[in-house]
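A closer look at the structure
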Amino acid sequence: SDDPIKTRLSAAMAVAGVSITITSFTDMVAFLLGSTTSLPALKDFCYFAAAGIILDFFFQVTVFPALLVYDERRILASRSDCLPCIKRDAGKLVDSSENRPGAMARFFEHTLAPMLHKKSVQVAVAAVFIGLLAAGTYGASSIETELTPQWFLPDDSEAFKYLDAEEAIFGSLGFRINIVVTTTAYSPLLGNYQALIDRVDATDYIQVNSTSAWFTAYTTYNTAKSKPAPTSQDEFLAQLNAFLADTATDGGSEYVRDVSCTLEGNTTHPCRGSLQATRFFARHTIGISADTQQKIDAMDAIRASLDSYAGLASFAYSFEYLDIEQFKVLGREAALSLSLALVAVFIISLLTLGHPTTALLVTICVGIVDMCLLALMVAWDVPINSVSVINLVLAVGLAVDYSAHVAHAFM
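What comes next concerns the included structure.

The rules we used
Sequence order as written defines the numbering, with residues in each chain counted from 1. Owing to the predicted nature of the model, reporting of local features is limited to residues with pLDDT of at least 70; listing and counting of side-chain atom pairs is limited to 80 or more, with chain, interface and lining totals taken over all residues. Side-chain metrics in this entry use all non-hydrogen atoms of the structure; hydrogen atoms and water are not considered. Throughout this description, buried means an accessible area under 20% of the type-specific maximum (1.4 Å probe, protein chains only), exposed means over 50%, and partly exposed covers the range between. Each helix is a run of DSSP H or I of at least 4 residues and each strand a run of E of at least 2, with the numbering of both proceeding from the N terminus. Whether two strands pair comes down to DSSP finding at least two bridges between them. Two cysteine sulfurs form what is called a disulfide whenever their separation falls within 2.5 Å. Two joining distances apply to patches: 9 Å for like charges and 5 Å for nonpolar side chains (Val, Leu, Ile, Met, Phe, Trp, Tyr), and every residue must have over 30% relative accessible area and no salt bridge. Residue burial considers only the protein chains on display, and all accessible areas are found by Shrake-Rupley using a 1.4 Å probe. Salt bridge, as used here: a side-chain nitrogen of Lys or Arg that lies within 4 Å of a carboxyl oxygen of Asp or Glu. Between the rings of Phe, Tyr and Trp (Trp by its six-membered ring), a pair exists once the centres lie within 6.5 Å; its type follows the angle of the planes, with under 30 degrees stacked, over 60 edge-to-face, and the other angles tilted. Charges are assigned to positions over rings by a cutoff of 6 Å between ring centre and Lys NZ or Arg CZ, combined with an angular limit of 35 degrees from the ring normal. What is meant by a nonpolar core is a set of buried Ala, Val, Leu, Ile, Met, Phe, Trp, Tyr and Cys residues, joined one to another through side-chain atoms within 4.5 Å. The criterion used for residue contact is that any of the two residues' heavy atoms lie within 4.5 Å.

If a strand is regular, its side chains alternate between the two faces of the sheet. Of all six residues that make up strand 1 (residues 176-181), five are buried, and the element is covered over most of its length. Inspection of the sheet shows strand 1 paired to strand 4 (residues 275-283) by six bridges, in the antiparallel sense. Among the inter-strand pairings, Val180 is bridged to a residue of strand 4, identified as Arg279. The pairing of strand 1 with strand 5 (residues 314-317) spans four bridges and is antiparallel. Looking at the pairing, Val180 lines up with Phe315 of strand 5.

What follows is about the state of the cysteines. Applying the stated criterion across every chain, the model contains zero disulfides. Free cysteine: Cys372, not disulfide-bonded; nearest cysteine sulfur from Cys365 at 10 Å.

With that out of the way, let us pick up a nonpolar patch on the surface. A grouping of Leu55, Phe58, Phe59, Val63, Leu67 and Tyr70 is seen on the molecular surface, where their side chains present a nonpolar patch of about 630 Å² in accessible area. The exposure class of Phe58 is partly exposed, given its relative accessible area of 47%.

Throughout the structure, instances matching the rule amount to 15 aromatic pairs. Relative to Phe108, the ring of Phe107 has its centre 5.5 Å away and its plane inclined at 70°; by these criteria the two rings are edge-to-face. Ring geometry for Tyr218 versus Phe236: centroids 6.0 Å apart, planes at 85°, classification edge-to-face. Residue Tyr218 is found in helix 8 (residues 214-224), and its partner Phe236 is found in helix 9 (residues 233-245); the two are separated by 18 residues along the sequence. Three or more aromatic residues joined by ring pairs make a cluster, and in this case those are Tyr193, Trp214, Phe215, Tyr218, Tyr221, Phe236, Phe243, Tyr255 and Phe280. It is Arg73 that lies over the ring of Tyr70; its NZ or CZ is 5.8 Å from the centre.

Turning our attention to the nonpolar core. In terms of nonpolar packing, the biggest core is built from 42 residues, with Tyr193, Trp214, Leu240, Leu275, Phe280 and Ile302 touching the most fellow members. Setting aside its immediate chain neighbours within four residues, Trp214 contacts Tyr193, Phe236, Leu240, Phe243, Tyr255, Asp258, Val259, Thr278 and Arg279. Ile53, Val345, Val366 and Val389 belong to the second-largest nonpolar core, a separate cluster that totals 33 residues.

Right under this line is the structure:
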């Protein structure tokens, strides 16, 4: 305690500064590499985490030491901690040079460390970690991908009750999809639209005769009205407007929302101006309660069928595809993010610790932590989703702190 504050601060920063520099830059690089993912939620989290870590490091090596200096001056001036305006009796101050290691420090030094030197303990620890690694490997190969809105809602909320009832009652009912046709010229529309509808009906994972299309009703309407086939775009739009404006039973007023137009001019026609796109509907054979892989296969099947049809430009969309799209790439993105993070841990540890074996051991320890988490996720029935992937990437940052600190102190 008789050392000048400057000397004590320099000694403290020489020991702690290196450790926090290693862990901070390792974490920052790991998160920046994780931001290369195509998942927006994970990308944004990695950006925020990297920025937070570098700001935390900056404040830890600048503001925090400065505040420690002020606090040490307060102590030497015999001022109270909560009320520094009050001075205390200098005789009541505790001399820090007489401090002895606490119970926890004595446990690690005199109990745990000597125990780890025993051959039997080393074998037991190695066996436990090998077992955890094996369990983690199994977990990584068998973990499922899933995300339901109910996980983000209180159990007693009306939204939770509704979604839970919908899945229980209608979970096996095939969900509806939109087939959006972007071709607008009348000739290919009239020549190929019905063929596209039939193609969708015949696609795997699509219920037979489940399509509901304005074009089928439009064709039936024109046949019943003995209207000739249009010979120009204007004639086609005129017939289409007459069909959409007809509110009779056989009219097409119910299909107004399935035809998108530019709505130019001041006429009352449902489709005035130029045609932009049209759509019709179909139903999958699987529902929201189906397993993830079935949903992915169903989405890929309809998309492949539409992409391979040259008659009309079209694509399939469903609200459920928002989650299915994520499930399709989540496993690959999770593996890529974790692999890049481990590579960053090894490279930064190698550059800062300067010892290949130590850097490799740090990387292995961090990897085992994530593998053990995967095993626990399987045991706790926690699937891979955007939330759990974020926590897995975060675990790399947390685990490297412990391993790097221990490795640096040992060296």
